Amino acid sequence: MVKAKSWKIAKLFNGVPKDEDLQLVEEDLPGLKDGEMLIEAVYLTVDPYMRVRLETNGKVGDTMMGEQISKVIESKNKDYPVGTIVRSYSGWRSRTIVSADACRRMPELGDLSLSTALGVMGMPGMTAFFGFLEICSPKEGEVVVVSGAAGAVGSLVGQIAKIKGCKVIGFAGDEEKCKWIKSLGFDCVYNYKKVNIDDALKEAAPEGVDCYFDNVGGEFTLSVLKNMKLFGRMSICGQISQYNATDKLKAELPFPMILFKQLLVQGFIVTRWYPRWAEGEKQMSQWIREGKITYKETVTEGFENMYTAFRGLFKGSNTGKAIVKC
């Protein structure tokens, strides 16, 4: 029997994730059947969306969901020999038995680390690429606001906006993060904990905001909404300020502002563009090689520290993409 470790749901989250909500367990895996492979995790991702998906789709006893980059260590599939690198949504598992239809062979990354397949060249990168360009349709000279600008997605959105010739205003949660996103080329950067959002926007965008990429939600987004221009576009990617909230937000309804400013406000799940994934990967790779896109990873060592890395997302512990290296 092959031993594997996995993180299981012991209690459904209620508010901020707690120690007792997840449990690290060891289990035995059966032998391989024809066509199957045994994969061992090399890199795993932790993302805020997991918190929300668990509320809607999770149940006690489930393995925590998520994507991983893995190596085939045993195989009964001639197309996936030992040593093949694959990506799969196997969840928080150290080893997993998969079939060919449950994984995808890794594309060529050149001199980029395998970990980028979970970040700039993976779901966060494609979220920034398609979620911003397809929904906001930025034009040269427009003003773009990005919340959560030091995160895996926000930091890339700001850089893409600069490539498109926009003025970019970014908000992050501490001075070091603000310093980093300023180095990426953001025109104006604010620590949202130290400024009044409305005052900051009036200073940086006195004529209003054309595009807003929202990673935060809540009262922050309402403040941006008030500063949008006529016919502005808002791409709703995440609502991290609300994920652990136990009380409903009491705030004015946004619909009159959306109506009278004739705004386009659209939420999205990035998998809608999965058939075009290769298009995004090709462009992001080119921008990285040209030095137009810079990325950062916060790497946590050890599978046993996955939950620590995950909880850190809601404390602002990561800059750029949060990755766990096994």
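The name that an unreviewed UniProt entry assigns to the protein chain is Prostaglandin reductase 1, with the source organism given as Mytilus edulis. Turning to the protein chain, the UniProt record has this under Subcellular location (unreviewed entry): "Cytoplasm". As stated in UniProt under Subunit (unreviewed entry), the record for the protein chain gives "Monomer or homodimer."

(A) Geometry of the nonpolar core. In terms of nonpolar packing, the biggest core is built from 47 residues, with Phe132, Ile160, Ile181, Met284 and Ile293 touching the most fellow members. Among residues more than four places away in sequence, those in contact with Ile160 are Ala128, Phe129, Phe132, Leu133, Met284, Trp287 and Ile293. Among the nonpolar cores identified, the runner-up in size contains 23 residues, and Ile169, Phe171, Val209 and Leu222 belong to it.

(B) Here's a closer look at the packing of aromatic side chains. Following the criterion strictly, the structure yields 15 aromatic pairs and no others. Taking 5.5 Å as the distance between ring centres and 25 degrees as the angle between the ring planes, the aromatic pair formed by Phe171 and Tyr190 counts as stacked. You can see Phe171 sitting in strand S9 (residues 167–172) and its partner Tyr190 sitting in strand S10 (residues 188–191), a full 19 residues away along the chain. The same class applies to Phe171 and to Tyr190, which are both buried.

(C) View of the pairing of strand S5 (residues 85–88). Where burial is concerned, the two faces of S5 agree: the one with Ile85 and Arg87 and the one with Val86 and Ser88 are both buried. As paired elements, strand S4 (residues 68–75) and S5 share four bridges and run antiparallel to each other. Counted as the bridge partner of Ile69 is Arg87 from S5. Of the strand pairs in this sheet, S5 and strand S7 (residues 104–105) are connected by two bridges, and their pairing is antiparallel.

(D) The layout of surface pockets, seen in detail. In this structure, the second largest pocket encloses a volume near 330 Å³. Gly218, Leu222, Gln239, Leu249 and Pro254 are the residues nearest the centre of the second largest pocket, which is lined by 17 residues in total. Here the lining of the second largest pocket takes four residues from helix H6 (residues 218–226), the largest share from any one element. Counted by class, the lining of the second largest pocket contains ten nonpolar, five polar and two charged residues.

(E) Quick peek at empty space enclosed by the protein. The full count for this structure, using the stated rule, is two cavities of 30 Å³ or more. For the largest cavity, the calculated volume is near 60 Å³. Looking at the lining of the largest cavity, its residues break down into five nonpolar, three polar and three charged. The space that makes up the second largest cavity amounts to roughly 40 Å³. Along its surface, the second largest cavity is lined by Thr45, Asp47, Tyr49, Glu67, Tyr89, Leu118, Met123 and Pro124. Looking at the lining of the second largest cavity, its residues break down into five nonpolar, one polar and two charged.

(F) View of the sheet that holds S10. Strands sit in the order S10-S9-S8-S11-S12-S13 across an open sheet of six strands; the sheet is parallel. Each edge of the sheet is formed by a strand with only one pairing partner; in this case those strands are S10 and strand S13 (264–267). The mean angle between the axes of side-by-side strands here comes to 15 degrees, regardless of whether they run parallel or antiparallel. Both S9 and S10 contribute to a ladder of four bridges, which runs parallel.

(G) Broad picture of the side chain of Ser235. As for its position among the elements, Ser235 is in strand S12 (residues 228–236). Taking the relative accessible area as the measure of exposure, Ser235 reaches 0% and is therefore buried. Separated by 2.9 Å, the side chain of Ser235 and the backbone oxygen of Gly131 make a polar contact. Ignoring anything within four residues of it in the chain, the contact list for Ser235 reads Gly131, Ile135, Cys136, Tyr212, Phe213, Asp214, Gln266 and Phe268.

(H) Representation of the pairing of S13 in the model. With four bridges joining them, S12 and S13 adopt parallel strand pairing. When the sheet's bridge partners are listed, Met234 is paired in S13 with Val265. Between the parallel elements S12 and S13, the chain passes through helix H7 (residues 255–260) in a crossover that is right-handed.

(I) Quick look at unusual backbone geometry. Residue Ser137 is not a glycine yet carries a positive backbone phi of 45 degrees. Locating Ser137 in the fold gives a position in the loop between helix H2 (123–136) and strand S8 (143–146). Its relative accessible area of 36% is what places Ser137 among the partly exposed residues. Even without being glycine, Phe231 reaches a positive phi, approximately 65 degrees. Along the chain, the position of Phe231 falls in strand S12.

(J) Structural context of the environment of Phe13. Looking at the secondary structure, you find Phe13 in the loop between strand S1 (2–9) and strand S2 (22–29). Accessibility expressed as a relative area gives 7% for Phe13, which makes it buried. On a C-alpha basis, the gap between Phe13 and Lys78 in space is 42 Å, while along the polypeptide they are 65 residues apart. Beyond its immediate sequence surroundings of up to four residues, Phe13 is in contact with Asp21, Leu22, Arg51, Leu54, Tyr307 and Phe310.

Thresholds, definitions, all that
- Residues numbered from 1 in each chain as written.
- Predicted model: local features only at pLDDT ≥ 70, side-chain atom pairs only at ≥ 80, totals over all residues.
- Heavy atoms only, no water.
- UniProt positions renumbered as here; feature names shortened; annotations may be inferred.
- Core = buried A, V, L, I, M, F, W, Y, C linked by side-chain atoms within 4.5 Å.
- Buried < 20%, exposed > 50% of the residue type's maximum accessible area, 1.4 Å probe, protein only.
- Contact = heavy atoms within 4.5 Å.
- Phe/Tyr/Trp six-rings, centres within 6.5 Å; stacked < 30°, edge-to-face > 60°.
- Helix = DSSP H or I, 4+ residues; strand = E, 2+ residues; numbered from the N terminus.
- Pairing = 2+ DSSP bridges.
- 1 Å grid on protein atoms, 1.4 Å probe; cavity = no way out; pocket = protein on both sides within 12 Å on 5 of 7 lines; lining within 4 Å.
- Points joined across faces, edges and corners; volume = space filled by probe spheres on them.
- Nonpolar A, V, L, I, M, F, W, Y, C, P; charged D, E, K, R; others polar.
- Axes fitted to C-alpha atoms, helices over the stretch in contact; angles between N-to-C directions.
- Polar contact = N/O pair within 3.5 Å; in protein donor to acceptor, adjacent residues only side chain to side chain.
- Right-handed = clockwise from strand over helix to strand, strands pointing away.

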